[in-house]
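# Residue-level structure breakdown
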Amino acid sequence: MPRPKQPSSTLIKGIHKIRQVLHVDNKLPRAGRVIDGRHFAIIPGPVNTHHHLYLTLTRAFAPAADAEFFDWLRALYPIWARLDEESVYSGALSGMAELLLWGCTTTTDHHYVFPRGHSQLIDVQIQAARRAYGPRCLAHGNGRRRALPGP
Ligand SMILES: [Zn+2]
């Protein structure tokens, strides 16, 4: 990408929207807070469109760690068959925390494991998402979808 000839100024409204990009010669509008960002870049937050948050719970399970795909599935399905609300909530929180550490601002989870008697696991993910992400999480799987309402 070619480098701009003149530096520009950026006006950010809140933390969600770039409202205006101004040339450096423009008079800046009143602002509540001015940050000297001459040595920084502003980039949009990455969006993760495919995740399985509960997998954070079994990532370090040694018998599956170096297995080929189908052996990996065979090793882990007996564990995933015991998923419940508490484990899915914990997995969602730890997975989202990990994503946030990498700057990910939005995620989509493809949860598809619903052990008998635990059909509300997406609702549990949404509870975890509200705690970690606010309005930017979509959880779905197996024909079930839930999205947090927008801001
Ligand atoms: Zn997947």
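Details of the structure are given in the entry above.
None of these values were measured; they are calculated from a predicted model.

### As for the overall build of the protein
Across its full length, the protein carries four helices and six strands. Tracing the protein from N to C terminus, the helices and strands come up as β-β-β-α-α-α-β-α-β-β. Across the 151 residues of the protein, 16% fall into the buried class. Across the protein, contacts joining residues at least 24 apart in sequence account for 61% of those joining residues at least 6 apart.

### A few points about helix 4 (residues 121-132)
Here helix 4 is 12 residues long and its end C-alpha atoms lie 16 Å apart, about the 16 Å a rise of 1.5 Å per residue gives. Listing the buried residues of helix 4 in full gives Leu121, Ile122, Val124, Gln125, Ile126, Ala128 and Ala129.

### Digging into the nonpolar core
Among the nonpolar cores identified, the biggest contains 13 residues, and Val88, Ala92, Met96, Leu121, Ala128 and Ala129 are the most heavily contacted of them. The set of elements that each furnish at least two residues to this core consists of helix 3 (85-101) and helix 4. Examining the composition of this core, we find that six residues originate from one element, helix 4, more than from any other.

### Here we look at the environment of Gln125
One can find Gln125 in helix 4. Overall, Gln125 belongs to the buried group, with 28 C-beta atoms counted inside 10 Å.

### Points about the environment of His110
Turning to its location among the elements, His110 is positioned in strand 4 (residues 106-110). Taking C-alpha positions, His110 is 5.9 Å from His51, a pair spaced 59 residues apart along the chain.

### Here we look at helix 3
With 17 residues, helix 3 should cover 24 Å at 1.5 Å per step; its first-to-last C-alpha distance of 24 Å lies within 8% of that length. Burial in helix 3 covers these residues: Val88, Gly91, Ala92, Gly95, Met96 and Leu99. One side of helix 3 holds all its buried residues, which, seen down the axis, span an arc of 125 degrees. Facing away from the buried side of helix 3 by more than 90 degrees, the exposed set consists of Glu86 and Leu101. Elements that come into contact with the buried residues of helix 3 comprise strand 3 (47-51), strand 4 and helix 4. Just beyond helix 3, the residue with positive phi is Gly103, at close to 90 degrees.

### Focus on the environment of Ala75
Its place among the elements puts Ala75 in helix 2 (residues 69-80). Among the residues examined, Ala75 registers 16 C-beta atoms within 10 Å and is labelled partly exposed. Setting aside its immediate chain neighbours within four residues, Ala75 contacts Phe61, Pro63, Ala64 and Ala67.

### Quick notes on the packing of helix 3 against helix 4
Two elements in contact, helix 3 and helix 4, have axes separated by 9 Å at closest approach and are oriented at 40 degrees. Relative to helix 4, helix 3 is oriented oblique. Where helix 3 crosses over helix 4, the two elements pack in a sense that is right-handed. In this structure, helix 3 uses Glu85, Val88, Tyr89, Ala92, Leu93, Met96, Ala97 and Leu100 to contact helix 4, whose residues at the interface are Leu121, Val124, Gln125, Gln127, Ala128, Ala129, Arg131 and Ala132. Looking at side-chain class alone, the contact of helix 3 with helix 4 contains 12 nonpolar, two polar and two charged residues.

Reading the values: the criteria
Residues numbered from 1 in each chain as written. Predicted model: local features only at pLDDT ≥ 70, side-chain atom pairs only at ≥ 80, totals over all residues. Helix = DSSP H or I, 4+ residues; strand = E, 2+ residues; numbered from the N terminus. Buried ≥ 20, exposed ≤ 12 C-beta atoms within 10 Å, placed from the backbone. Contact = placed C-beta atoms within 7 Å. Expected span 1.5 Å × (residues − 1). Core = buried A, V, L, I, M, F, W, Y, C linked by C-beta atoms within 7 Å. Arc of directions from axis to C-beta. Axes fitted to C-alpha atoms, helices over the stretch in contact; angles between N-to-C directions. Parallel < 35°, antiparallel > 145°, perpendicular 65-115°, else oblique. Left-handed = near helix turned anticlockwise from the far one by under 90°. Nonpolar A, V, L, I, M, F, W, Y, C, P; charged D, E, K, R; others polar.

Any functional reading would require information that these geometric values do not contain.
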